[in-house]
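# Topology and contacts: notes
As a plain string of letters, each chain reads:
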Amino acid sequence: MRLETERLLLRIPEAGDLDEYLAIFSDPQVLTFLGIGMQAREDAAAGIERMRRHWERHGIGLFSAVRKEDERLLGRVGFLLWDPERWVHAMREELEGPFETEIGWTLGSEHWGKGYATEAAIACRDWALGELGLTRLVSVIAPGNAASIRVAEKIGETFEREDLPVPFDRRVDRYSLAKATRAAPP
């Protein structure tokens, strides 16, 4: 599975992405709003494997976002499936539906402010609401993460719920968008 934008290739994560993911998830700026600590090499490798399993099991997941001009991995953008009662996601636990589908993004800090997250998220949104036929997407965002809130708003999401009951060590809020449906003409 691949999606392309003007500047990016979005593809399923590969084992060869390890060093770049390790750098991203070892950056204190990136970790500020994620609620996780520094990642060791084995943590990054396990993360890639969990992303791949999510794709294999559910046919949807997080993409590696690769800049076309130099084939540099910028981060991950795509989807996580969540249990809407317990707010646990399918990369951490085997879940059965129904799910909430989160669209999310995490890029290395050197790539912030260049429109990459928005560009990739728009491609993911359009694929999910179009080809996949989803009618609702959510984003789980820590309060104060103004950049991610701006991306959510740019892709059409609005604030939905404060203080989502997730198993994190910090508060997160939920933003959402629903595909507009038109009534059939009489």
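Just so it is clear, the structure is predicted and the values come from calculations on it, not from any experiment.

Counting 33 residues, the largest nonpolar core has Leu-10, Phe-63, Phe-79, Ile-103, Trp-105 and Cys-124 as its most contacted members. Elements represented by at least two residues in this core include exactly β2 (8-11), β3 (62-67), β4 (72-82), β5 (100-107), α4 (116-129), β6 (136-141), α5 (146-154) and β8 (173-178). If you tally residues by element for this core, the top one is α4, at nine residues. If we ignore the near neighbours within four places in the chain, the residues touching Ile-103 are Gly-78, Phe-79, Ala-121, Cys-124, Arg-125, Leu-137, Val-138, Ser-139, Ile-155 and Glu-157. Formed by 17 residues, the second largest nonpolar core is a distinct cluster that contains Ala-44, Leu-73, Trp-82 and Val-140.

Okay, the environment of Asp-163 next. Here Asp-163 lies in the loop between β7 (158-161) and β8. On the basis of relative accessible area, Asp-163 is assigned to the partly exposed category, the value being 44%.

Moving on, we come to the packing of aromatic side chains. Geometry of an aromatic ring pair is reported as the spacing of the ring centres plus the angle between the planes. Enumeration over the complete set of coordinates arrives at seven aromatic pairs. Ring geometry for Trp-55 against Trp-127: centres 6.2 Å apart, planes inclined by 35°, an arrangement best described as tilted. Of this pair, Trp-55 sits in helix α3 (residues 41-58) while Trp-127 is found in helix α4, placing the two residues 72 residues apart along the sequence. Accessibility expressed as a relative area gives 6% for Trp-55, which makes it buried. For the ring pair Phe-79 and Trp-127, a centre distance of 6.0 Å and an interplane angle of 45° mean the geometry is tilted. Here the residue Phe-79 occupies a position in strand β4, and Trp-127 occupies one in helix α4, the gap between them amounting to 48 residues. Of the two residues, Phe-79 and Trp-127, neither departs from the other in class, the shared state being buried.

The element β3 is largely enclosed, with a buried count of six among its six residues. Side chains of β3 alternate between two faces, with Leu-62, Ser-64 and Val-66 and Phe-63, Ala-65 and Arg-67 buried alike. The pairing of β2 with β3 spans four bridges and is antiparallel. Counted as the bridge partner of Leu-9 is Val-66 from β3. The pairing of β3 with β4 spans six bridges and is antiparallel. Following the sheet pairing, Leu-62 is matched in β4 by Gly-78.

For the structure on display, the rule yields 15 salt bridges. Among the salt bridges present, the one from Arg-53 reaches Glu-49, with a minimum N-O distance of 4.0 Å. With Arg-53 and Glu-49 both in helix α3 and four residues apart, the pair spans about one turn of that helix. Taking relative accessible area as the criterion, Arg-53 reaches 40% and is therefore assigned partly exposed. When its relative accessible area of 36% is taken as the criterion, Glu-49 is described as partly exposed. Between Arg-125 and Asp-126 there is a salt bridge, with its nearest N and O atoms 2.8 Å apart. A relative accessible area of 42% places Asp-126 in the partly exposed class.

Here we take up unusual backbone geometry. Although it is not a glycine, Glu-71 adopts a positive phi angle of roughly 60°. Residue position: Glu-71 is located in the loop between β3 and β4. Within the chain, Trp-87 stands out as a residue other than glycine whose phi angle is a positive 50°. Looking at Trp-87, the relative accessible area reads 2%, which means it is buried.

Calculation notes
- The numbers attached to residues start from 1 for each chain and follow its sequence in the written order.
- Given that this is a predicted model, residues contribute local features only at a pLDDT of at least 70 and side-chain atom pairs are listed and counted only at 80 or more, while totals for whole chains, interfaces and linings are drawn from all residues.
- Side-chain figures throughout are based on the complete set of non-hydrogen atoms in the structure, without hydrogens or water.
- We define a nonpolar core as any set of buried Ala, Val, Leu, Ile, Met, Phe, Trp, Tyr and Cys residues linked to one another through side-chain atoms lying within 4.5 Å.
- For each residue, the accessible area found with a 1.4 Å probe, counting protein chains only, is set against the maximum for its type, and the residue is called buried under 20%, exposed over 50%, and partly exposed in between.
- Where helices and strands are cited, they refer to DSSP runs of H or I of at least four residues and of E of at least two residues respectively, numbered from the N terminus.
- Two residues qualify as a contact provided that any one of their heavy atoms is within 4.5 Å of a heavy atom in the partner residue.
- Geometry of aromatic contacts follows a simple scheme: Phe, Tyr and Trp rings, the Trp one being its six-membered ring, pair when their centres are within 6.5 Å, and the pair is stacked under 30 degrees between planes, edge-to-face over 60, tilted otherwise.
- Note on pairing: DSSP must find at least two bridges between two strands before they are called paired.
- Salt bridges are defined by distance alone: a side-chain nitrogen of Lys or Arg within 4 Å of a carboxyl oxygen of Asp or Glu.

Worth remembering: the numbers are spatial, not functional.
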